[in-house]
Amino acid sequence: MLSAELIKEMVSLCELFANGQSSGTITKETYTDKFKKPYLEPFEKKFSKSPNLLIQDELKIFYDLHIKHIDKKLLIKNFGYWGNNIYSYVWTCIYYDFDKETLPASYSPQLYILVNKMGIKFGFCYGHQVSENDKMVKVSENKRAQEELRKLIKTPDKTSFFNSSATDITARPEVLFGPEEQILANNVSDLLNNWTNKSLLIKEFKKSEIPINISENIQSTLLIMKDFYLSLLPIKIETNTKNTRPSENFNVKQFYQIASEVGLIYSNKLIARLVASLCTKQFVILSGLSGSGKTKLAQAFAKWICNDEDQYCIVPVGADWTNREPLLGYPNALKPEEYIKPDNGVLNLIIKANNNPDLPYFLILDEMNLSHVERYFADFLSVMESGEEISLFAEDEVHNGVPAKLRLTSNLFIIGTVNIDETTYMFSPKVLDRANAIEFRVKKEEIAQYLNEKKYLKMSELNAKGASMAKSFLEITRNKNFEKNDLTVVNKTLVNFFEHLKKTGAEFGYRSASEIHRLINQLSEIDSTITEDEKVDIAIMQKLLPKLHGSRRKLCPVLITLGGFCVTDQIKNIEKEVFEADGFEFNSVAKVKYPISLEKITRMYKGAVDNGFASYAEA
């Protein structure tokens, strides 16, 4: 991504070449590799690439996310003006590859980025020397283009309109810098009148004005112009047609299979727990051993179910996150019309989720408890329950493509990963109450399998393989009308757990009770092979035990009682036969009803005895 510092260095480099050309120092005869080396070598050493490749990388971000899937004739090209030519600017563009008889490629309408001695500009222009009578220029005869122009005028992003002083529009518009060429377009009539004089849609920043968030500015501006640009081309395009595959019913077993094929080692039940938890509520916490695959599983499911990479975002949480700005950005106090977006892409992801309700979006917060969650995540926790909007700024308008208020839509899923050590913070009941907490453990058999059959992870093979099931997946998450199953046994178990959890101050409320019922139902929807006892076991582990913590004196009697709920009548003394026994078989069907919960309770009991204190969270 382009930074303000990088662009300023490019501008300085362009100034050197421009001044050299005007003074006659740089000519076709002197412009040799030996001559260029002192200019370009320090730049390439500092930024690892030449200027033209860096500009191309920035445009390619937009191209990959929003353009390349539309039509195979839409291409991206870097003109490489640091080669054997002596043009003192860097230029790259997206263009449509017309048949040569129709229109040469260089004459095609273009979305572009250009850096020259004045600064940077980006936007839309017609290609090289398009005549006024050319059919591609007659926008006034194109109703679709007119409609897109109306939308552009209404955008608050302050897109500028420029006129060329030359007879023909050129693919090298460095002459178009200067405020005297700016056109005020207050309505379609103004714009169309100017368009007949070959105006361009350009946003520019002089060297001294380049904002810190220049990359975000480029991406949002090009996105605003995209539909207008496409309206001028001989292609059929519908808004938000990212997933063109036929819709299929969601089938988690296909994800089981491909996850194994690409080298991921997870039990089917663990995968089902994650998927069912996402279908129960939009917020899931993955805790446990560092390096046990928490982030990888979240990333793998997102890559599999999403059609494009812009539908998910992995963000490492910083230890210095003390407010919401790292996630939601902030208004620029010096420029009230400008909103500063975070560079990590979180705000853009939420906006996309709001704009595309039929596509799933995933925000993966890595090491979520490296800072106090309640500080930077407070707005999210609040609106998860209230259904209200998050207010970003007071005015009821949009800045830089950012609306004044945002809603956490039902198609946005938040997955937080958690490691427990001396550098992290514990979650409060407020956080745990609003999430399903899934613990990752690595068993002896699993580590042995990994060591013996270590495979290179082929994560790219997951890309969009389950995208045709995205619609069905979202329908499952939004379903609140379940068949009325007999929950008598479940309810009795919950009441028993409530009574004893209350003794440690870890009892649950109506929200958790309701979400447990919903989780059990969603587990049935996701994988019908999961038994009733397994569903209850998962619910206990994910919704009841996470808030459990305390001293040995306070905790052990409760753990003994809760452990008794997890075994059959064959176990007479839970302490001696389970907690204090070496090598107890937790998967014994004859002795154990809820193996996942019993194993956790056993570890907590041993921790309380050994250390005088225990909690659900373990290193």
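Our subject is the structure that appears above.
Let us look at the structure shown here. (Residues numbered from 1 in each chain as written. Predicted model: local features only at pLDDT ≥ 70, side-chain atom pairs only at ≥ 80, totals over all residues. Heavy atoms only, no water.)

## Things to note about the nonpolar core
Now for step 1: Core analysis: the largest hydrophobic core is formed by 85 residues, its most contacted members being Phe 250, Phe 301, Ile 305, Phe 362, Phe 473 and Leu 598.
Now for step 2: If you tally residues by element for this core, the top one is helix α8 (residues 268-280), at 8 residues.
Now for step 3: Residues in contact with Phe 473, not counting those within four places in the same chain, are Phe 250, Val 275, Leu 278, Cys 279, Phe 301, Ile 305, Phe 362 and Phe 413.
Now for step 4: Grouped together as the second largest cluster of nonpolar side chains are 46 residues, Val 90, Ile 113, Val 115 and Ala 145 included. (Core = buried A, V, L, I, M, F, W, Y, C linked by side-chain atoms within 4.5 Å. Buried < 20%, exposed > 50% of the residue type's maximum accessible area, 1.4 Å probe, protein only. Helix = DSSP H or I, 4+ residues; strand = E, 2+ residues; numbered from the N terminus. Contact = heavy atoms within 4.5 Å.)

## A few points about the sheet that holds strand β8 (residues 283-288)
Now for step 1: The 5 strands are arranged β9-β12-β15-β8-β16 in an open sheet whose pairing can be described as parallel. Both outer strands of the open sheet, β9 (312-316) and β16 (436-440), are each paired with one neighbouring strand and no more. Neighbouring strand axes in the sheet, compared pairwise and without regard to direction, differ in orientation by 20 degrees on average.
Now for step 2: The strands that helix α11 (residues 346-355) touches are β9, β12 (361-366) and β15 (412-418); relative to β12, the one it contacts most, it runs at about 155 degrees. (Pairing = 2+ DSSP bridges. Axes fitted to C-alpha atoms, helices over the stretch in contact; angles between N-to-C directions.)

## Comments concerning the environment of Glu 248
Now for step 1: Along the chain, Glu 248 falls in the loop between α6 (214-231) and α7 (252-261).
Now for step 2: Between the alpha carbons of Glu 248 and Ala 467 there is a distance of 9.0 Å; along the sequence they are 219 residues apart.
Now for step 3: Only 2.6 Å separates the side chain of Glu 248 from the side chain of Ser 468, close enough to count as a polar contact. (Polar contact = N/O pair within 3.5 Å; in protein donor to acceptor, adjacent residues only side chain to side chain.)

## Concerning the packing of helix α3 (residues 51-67) against α6
Now for step 1: In the contact formed by α3 and α6, the axes pass within 10 Å of each other and the chain directions differ by 40 degrees. Between α3 and α6, the interaxial angle falls into the category oblique. Between α3 and α6 lies a crossing whose hand is right-handed. The segment α3 lies against α6, with Glu 58, Leu 59, Ile 61, Phe 62, His 66 and Ile 67 engaging Ser 215, Ile 218, Gln 219, Leu 222, Leu 223 and Lys 226. (Parallel < 35°, antiparallel > 145°, perpendicular 65-115°, else oblique. Left-handed = near helix turned anticlockwise from the far one by under 90°.)

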